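# Report on the structure
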Amino acid sequence: MTSHFRFAIFAALPLALVLMAPLPLGAQVAPAQEPGITRQQADQILNELRLIRQLLEKQGAKEQKEEITRAKLNLEGFAMLGSKDAPLTVVEFTDYQCPFCQRFHVASFPDLKKNYIDTGKVRFYSRDMPLDFHANAMRAAEAARCAADQGQFWKLRDVMGSNPDKLDLENILGFAGDLKMDTAVMRTCVESEKYKNAVQTDVLEAMKIGANATPTFVIGKSTPDGVDGELVVGAQPYVMFDAKLKELSK
């Protein structure tokens, strides 16, 4: 619907409403002076208004549908959970200090893992998007990658994702110690900022596809080198993931 047509519709509405307005109680109208409108004309105006409303609703639905953002990602070399042959892929761009990421991690991820990842239906990738105003987020993202050097990426990710308020270096090293990691090696890795550039590359890619908050997800069909899917922003409930994945499975 063009903007000119939309303006014309709304410009016509006040006149139609005036024409349909009832006369004051007890008013007398002389047919020869003010003929008013007939019932047939009033019904015709109402029908036209209904048609206008239907057109506006259809246009609104079309515009809402067009707001869906598509995204393609190359995921070669990134941490993955699940079967590499899974037909569907979910990617999370996360900030370990973000309370909304914690909400997803605690409330939605367990069911997603149980029903889709562990059953071979979905492969799950973790990408980084530490926000500037979270003082410990960059350190935590780098620490997770350092943990991967010792084969403990997913375990440390799980602990940090559940404790966004305990991500100073000493707490992270405490988590690493609990996981039987070499904490001296871990400290050196984090303090040297070994993976800072890699984390920043993730942030740039997140911005490129339109991610503007954490967590941000890409949910779609698996491709040979990654995923082709839909961008979804925010700590979504499990039912949203379940509905989208079922739709993609058809």
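The preceding data block contains the structure.
Attention in this report is confined to the structure presented alongside it. (Residues numbered from 1 in each chain as written. Predicted model: local features only at pLDDT ≥ 70, side-chain atom pairs only at ≥ 80, totals over all residues. Heavy atoms only, no water.)

With that settled, the discussion passes to the sheet that holds strand β3 (residues 88-94). With mixed pairing, the six strands of this open sheet are ordered in space as β1-β6-β5-β3-β4-β2. One side of each edge strand has no neighbouring strand; the edge strands of this open sheet are β1 (70-74) and β2 (80-81). Pairing of β2 with strand β4 (residues 122-128) involves two bridges; the strand directions are antiparallel. Across the sheet, the residue bridging to M80 is Y125, located in β4. Packed onto the sheet, helix α8 (residues 196-209) meets β1, β3, β4, β5 (216-223) and β6 (226-233) and runs at close to 110° relative to β4. (Pairing = 2+ DSSP bridges. Helix = DSSP H or I, 4+ residues; strand = E, 2+ residues; numbered from the N terminus. Contact = heavy atoms within 4.5 Å. Axes fitted to C-alpha atoms, helices over the stretch in contact; angles between N-to-C directions.)

Mapped onto the secondary structure, R127 falls in strand β4. Within the local environment of R127, its side chain forms a polar contact with the side chain of E205, the two groups lying 2.7 Å apart. When residues no more than four places from it in sequence are discounted, the contact partners of R127 are L73, N74, L75, F78, V91, E92, F93, T94, D202 and E205. (Polar contact = N/O pair within 3.5 Å; in protein donor to acceptor, adjacent residues only side chain to side chain.)

With the rule as written, the count across this model stands at one disulfide. Lacking any disulfide linkage, C98 is separated from the closest cysteine sulfur, that of C101, by 3.4 Å. Its relative accessible area of 2% is what places C98 among the buried residues. (Disulfide = S-S within 2.5 Å. Buried < 20%, exposed > 50% of the residue type's maximum accessible area, 1.4 Å probe, protein only.)

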